[in-house]
Amino acid sequence: SPSHRGGIRNTRLLGFCAFWLLSNPQTVALVQGLVKEGAVGELRRCFGSRMEFGTAGLRAAMGPGISCMNDLTIIQTTQGFCKYLEQCFGQCLKERGVVVGFDARAHPPSGGSSRRFASLAAAVFTCRGVPVHLFCDITPTPFVPFAVSHLGLCAGVMVTASHNPKQDNGYKVYWENGAQIVPPHDKGISVAIEANLEPWPESWDITSLSHCPLLKDPFQDIHTEYYRTIQQHCHHRDINKSSEVKIVHTSVHGVGHAFVQSAFKAFDLRPPYAVEEQKDPDPEFPTVKYPNPEEGKGVLTLSFALAEREGATVVLANDPDADRLAVAEQQKGGQWRVFSGNELGALLGWWVYRCWKQTNPDQSTVKSVYMLASTVSSKILRAIALKEGFHFEETLTGFKWMGNRARELLDQNKIVLFAFEEAIGYMCGSAVLDKDGVSAAAIAGEMTSYLAAKNITLSQQLTAVYEEYGYHITKNSYFICHDQEVIRAMFDRLRHYGNQEDVSYPRQCGGVAITAVRDLTTGYDSSQADNKAVLPSSPSSQMITFSFSNGGVATMRTSGTEPKIKYYTELCAAPGNRYKHTIYYTELCAAPGNRYKHTIYYTELCAAPGNRYKHTIYYTELCAAPGNRYKHTIYYTELCAAPGNRYKTHTHTQYVHILYMHTHTAVL
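None of the values given here were measured: they were computed from a predicted structure.

Novice: Go over the packing of helix α9 (residues 219-230) against helix α11 (residues 256-266) with me, naming the residues and quoting the values.
Specialist: Interaxial distance between α9 and α11 falls to 9 Å at its minimum, and their mutual angle equals 45°. On the basis of their axis angle, the class for α9 and α11 is oblique. α11 is crossed by α9, and the crossing has right-handed handedness. Here Phe219, His223, Tyr227 and Ile230 of α9 lie close against α11, whose contacting residues are Phe259, Ser262, Ala263 and Ala266. Of the residues that constitute the contact of α9 with α11, the class distribution is six nonpolar, two polar and no charged.

Novice: I'd like a rundown of the sheet that holds strand β15 (residues 336-338), residues and numbers included.
Specialist: Spatially, β12-β11-β13-β14-β15 is the arrangement adopted by the five strands of the open sheet, whose pairing is mixed. Edge positions in the sheet fall to β12 (273-274) and β15, since each has one partner strand and no second. One ladder, built from two bridges, connects strand β11 (residues 247-250) with β12; its direction is parallel. Within the sheet, the bridge partner assigned to Val248 lies in β12 and is Tyr273. Across the sheet, α11 touches β11, β12 and β13 (314-318), and the angle it forms with β11 is around 145°.

Novice: If you had to explain the pattern of salt bridges to someone new, which residues and values would you point to?
Specialist: Under the counting rule described, the total for this entry stands at 30 salt bridges. Where Arg116 meets Asp71, a salt bridge forms, and the shortest distance between an N and an O atom there is 2.6 Å. Note that Arg116 is positioned in helix α6 (residues 114-127) and Asp71 in helix α4 (residues 71-89), a separation of 45 residues in sequence. Take Arg116: its relative accessible area is 26%, and that puts it in the partly exposed class. Note on Asp71: relative accessible area 0%, which makes it buried. For Arg96, the salt bridge is made with Glu176, and the minimal N-O distance between the two is 3.0 Å. With Arg96 in helix α5 (residues 92-96) and Glu176 in the loop between β9 (168-174) and α8 (185-194), the pair connects residues that are 80 residues apart, well separated along the chain.

Novice: Describe the pairing of β9, with residues and values.
Specialist: By the criterion of burial, β9 is predominantly enclosed, with seven of the seven residues buried. Strand direction decides the pairing type here: strand β3 (residues 58-61) and β9, joined by four bridges, are antiparallel. Bridge pairing links Ala61 to Asp168 in β9.

Novice: Account for the environment of Ala431, naming residues and giving values.
Specialist: When you line up the elements, Ala431 lands in the loop between β19 (425-428) and α16 (437-453). The class for Ala431 is partly exposed, based on a relative accessible area of 26%. When the C-alpha positions of Ala431 and Val416 are compared, they lie 10.0 Å apart, and in sequence the two are 15 residues distant. Excluding its chain neighbours within four sequence positions, the residues that come into contact with Ala431 are Phe146 and Thr229.

Novice: An account of the environment of Pro142 is needed here, citing residue identities and associated values.
Specialist: Looking at the element boundaries, Pro142 is found in the loop between β7 (132-134) and α7 (143-151). A relative accessible area of 0% means that Pro142 is categorised as buried. Sequence-wise, Pro142 and Asp321 are 179 residues apart; in three dimensions their C-alpha atoms are separated by 8.6 Å. If sequence neighbours within four positions are ignored, Pro142 has contacts with Asp321, Ala322, Asp323, Val432, Lys435 and Asp436.

Novice: Residues and numbers for helix α12 (residues 301-310), please.
Specialist: All buried positions along α12 are accounted for by Ser303, Phe304, Leu306 and Ala307. When α12 is viewed along its axis, its buried side chains cluster within an angular range of 165° and face the same direction. Tucked inside the fold, the buried residues of α12 contact β11, β12, β13, β14 (325-330) and β15. At the C-terminal side of α12, Gly311 shows a positive phi close to 80°.

Novice: Account for the packing of aromatic side chains, with residues named and values stated.
Specialist: The tally for this structure, following the rule as stated, stands at 21 aromatic pairs. Centroid distance Trp351 to Tyr450: 5.2 Å. Interplanar angle 55°. Geometry classified as tilted. Taken together, the residues Trp351 in helix α13 (residues 341-359) and Tyr450 in helix α16 connect sequence positions 99 residues apart. Since its relative accessible area comes to 1%, Trp351 is described here as buried. Measuring from ring centre to ring centre gives 6.3 Å for Phe420 and Tyr426, while their planes differ by 15°; the resulting arrangement is stacked. The same class applies to Phe420 and to Tyr426, which are both buried. Members of the aromatic cluster, joined through ring pairs, are Phe135, Phe143, Phe146, Phe219, Tyr226, Tyr227 and Phe259.

Novice: Break down α4 for me, citing the residues and quoting the values.
Specialist: Here α4 is 19 residues long and its end C-alpha atoms lie 26 Å apart, about the 27 Å a rise of 1.5 Å per residue gives. By the criterion of burial, α4 is predominantly enclosed, with 15 of the 19 residues buried.

Novice: Before we move on, can you summarise the nonpolar core with the specific residues and values?
Specialist: Judged by nonpolar contacts, the single largest core of 130 residues is most densely connected at Phe81 and Phe418. It is α13 that contributes the most residues to this core, 10 residues altogether. Look past the residues within four positions of Phe81 in its chain and what remains in contact with it is Phe125, Ala155, Gly156, Val157, Tyr171, Val173, Trp175, Ile189 and Ile193.

Novice: Please set out the environment of Cys136 residue by residue, giving values where relevant.
Specialist: Structurally, Cys136 is set in the loop between β7 and α7. Accessibility expressed as a relative area gives 44% for Cys136, which makes it partly exposed.

Novice: Let's hear about the layout of surface pockets: which residues, and what values?
Specialist: Of the volumes computed, that of the second largest pocket is approximately 400 Å³. Taken together, 16 residues line the second largest pocket, and the ones lying closest to its centre are Lys379, Arg382, Glu394, Ser547 and Val553. Counting only elements with at least two residues in the lining of the second largest pocket, the list comes to β17 (391-395), β22 (512-519), β24 (543-548) and β26 (564-572). The greatest single-element share of the lining of the second largest pocket, amounting to three residues, is contributed by β22. In terms of residue class, the lining of the second largest pocket is built from five nonpolar, five polar and six charged.

Novice: Describe the side chain of Asn196, listing the residues and the values that go with them.
Specialist: By secondary structure assignment, the location of Asn196 is in the loop between α8 and β10 (215-216). For Asn196, the side chain forms a polar contact with the main-chain oxygen of Ala192, separated by 2.7 Å. The residues touching Asn196, leaving out its near neighbours within four places in the chain, are Gln76, Gln79, Gly80 and Lys83.

Novice: I'd like a rundown of the packing of α4 against α6, residues and numbers included.
Specialist: Where α4 meets α6, the closest approach of the two axes is 9 Å, and the angle between their N-to-C directions is 40°. Put simply, α4 runs oblique to α6. The way α4 lies across α6 gives a crossing that is right-handed. Residue-level contacts link Asp71, Ile74, Ile75, Thr78, Gln79, Phe81, Cys82 and Leu85 of α4 to Arg116, Phe117, Leu120, Ala121, Val124 and Phe125 of α6.

Novice: Outline the sheet that holds β7, listing residues and values.
Specialist: With mixed pairing, six strands are arranged side by side in an open sheet as β3-β9-β8-β4-β7-β10. At either margin of the open sheet sits one strand with a lone partner, and together these are β3 and β10. Inspection of the sheet shows strand β4 (residues 98-102) paired to strand β8 (residues 155-159) by five bridges, in the parallel sense. Among the inter-strand pairings, Gly101 is bridged to a residue of β8, identified as Met158.

Here is what the cut-offs are and how they apply
- Throughout, residues of each chain are indexed from 1 in the direction in which the sequence is written.
- pLDDT decides what is reported in this predicted model: residues at 70 or higher carry local features, side-chain atom pairs at 80 or more are listed and counted, and totals for whole chains, interfaces and linings draw on all residues regardless.
- Side-chain metrics rest on all non-hydrogen atoms present in the structure, leaving aside hydrogens and water.
- Interaxial angles span 0 to 180 degrees and are taken between N-to-C directions of axes, which are lines fitted to C-alpha atoms, for helices over the stretch in contact.
- Each helix corresponds to a stretch of at least 4 residues labelled H or I by DSSP, and each strand to a stretch of at least 2 residues labelled E; elements are numbered beginning at the N terminus.
- Any angle that falls under 35 degrees is termed roughly parallel, while one over 145 is termed roughly antiparallel, one within 65 to 115 roughly perpendicular, and all others oblique.
- It is the rotation of the near helix from the far one that decides the hand of a crossing: anticlockwise by less than a right angle makes it left-handed, clockwise makes it right-handed.
- We call two residues in contact when some of their heavy atoms are within 4.5 Å.
- Polar here means any residue other than Ala, Val, Leu, Ile, Met, Phe, Trp, Tyr, Cys and Pro, which are nonpolar, and Asp, Glu, Lys and Arg, which are charged; Gly is therefore polar.
- Strand pairing follows a simple DSSP-based rule, namely that at least 2 bridges must link the two strands.
- Salt bridges, as used here, are contacts in which a Lys or Arg side-chain nitrogen is within 4 Å of a carboxyl oxygen on Asp or Glu.
- Each residue is placed in one exposure class: buried if its accessible area under a 1.4 Å probe, protein chains only, is under 20% of its type's maximum, exposed if it is over 50%, and partly exposed if it falls in between.
- The directions from the helix axis to the C-beta atoms are what the arc is built from.
- The pairing test for Phe, Tyr and Trp rings, Trp by its six-membered ring, is centres within 6.5 Å, and the orientation test on the planes gives stacked under 30 degrees, edge-to-face over 60, and tilted for anything in between.
- One less than the residue count of a helix, multiplied by 1.5 Å, gives the span that helix is expected to have.
- To form a nonpolar core, buried Ala, Val, Leu, Ile, Met, Phe, Trp, Tyr and Cys residues must be joined to one another through side-chain atoms within 4.5 Å.
- Definitions used throughout: a 1 Å grid over protein atoms alone; a cavity as a set of points that fits a 1.4 Å probe which cannot get out; a pocket as an open set with protein on both sides within 12 Å along at least five of seven lines; a lining residue as one with an atom within 4 Å of a point.
- Grid points are joined across faces, edges and corners, and a volume is the space filled by probe spheres set on the points.
- We define a polar contact as two N or O atoms separated by no more than 3.5 Å, with the added condition that, inside protein, one atom must be a possible hydrogen donor and the other a possible acceptor, whereas residues neighbouring each other in sequence contribute only through side-chain atom pairs.

So this is what it looks like as structure tokens:
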């Protein structure tokens, strides 16, 4: 774009900036500084393209410009959302209203914060005559969908970026059914936003909220009702009262501390030890690199130290908005095991069904019971359902799909006991149609206490679940990639494998035949008679699943909220096969200047005597130094049966060459 040393020759860009000077003083100062410096590149980043509103709402960095979260973009988004709600509900919107909640995020340089954004959203709604239930203080995300259902509202807004980096914020939307929005609402809201970009005069006036008759504070009512409701999942109160199990909890500088303490109290559980350095909300997240407990031990270092000082054997961790839960347990040798999302899903699914079964002796009702999981999560619930007689369904990735499917089932008088996704999200029951880390923490606490009373650890119980329903071995991770063109090229290469012009997917991988391909970007599914996917497809996101002749499954997809390419793999064993799990790690690094790094990860799962499985995973990564622009990654798994093995779906394998990328233009 045209520029020179004295400033900017881009009148259109200056026009955008002038329009932006209506915003708050800190944002004004940032824009004025960029204009004065002639920072065309940064101004283009901020003002070049508007954030896209999707089923996940909005999520972006806080700062100036239409590509960032700030006062003006919050107002524009809420104006569009309000207009769309008026179209859908008419006068009913002014009778029922909406709820708005917020977490503790803040960005002092731009003057943005979750609290301020929530107040601006409330001001927009009230100036249109819409009643708003605005939480007076920080609240966990699950309290918003609970409020939508409990108060019978038309919609809900939660201002949060969950576990994203500290500079980010988000705008999450719930529909009247208590679940996150799904198509076509996202498109309808997006169109309405574009049609209502000019701020309404009253939209800026948050001072009017102090005396607005349309504004209510639902905090106390929702707090009381939520803890009363989740007690339906408390089945062993006497054990809870007498249990001497010590548990540590961290909220990772988020909102969860007080709410999890209250949840433990509602279950008559011993209060968990709080990690002092992390229990109070702090938008800087000073003790962690990423405020995401899914990252594992790096986030839990302080929790482990406290547990060892206090003699606690279990650690619970919420993400900053308390809708996710991670669990770790100290092993006999003193080391800590952080359960994966799939492993904790197996434990909680087993526990929730066990408790339901004990309180519902009439087994004829089991046919009305459902459990759900996202398509990239472990199929352990399917295995449990097959043996116990209830129903299991999988949905697209994300709780928006599970929440809406749960609502449909509830409307058919079905019982939705549990839903989970591998990204440590759990929905225990149906009071909250979204993942809920607060109730999950209390339920995990009761499960831990119950098992401890029988001298059983969580790890031992997980083994028992796998023994009864079959081992489910998973390997999930991700790559960071900010270049959309690289992502597009990688997935296009899989769709035109072998440089074919026509659509042509790989037919084998690692020596194992690919038996089915499902591409939810294009809507193709080779396992269906008409080659059309049963699950909804979307051209706006990448997702391909490969099924193998040995029963293995591998999925690659892009994240909707982070610059990640994620992969998920799973191999399931028949019930009764006992696996040992050994990990070896070797790294070979070249001398300086050779620009070569060779890393080998080797995992071997060997059967105990009498079992005839061998399961081996190899991971090799070759990374070039900057400038070489080459990366070659190979994943594969080998599963070999001994002669006579009768489990045909799991015999002889070299499992999965998950991802191979060779590009001359960029390094992934």
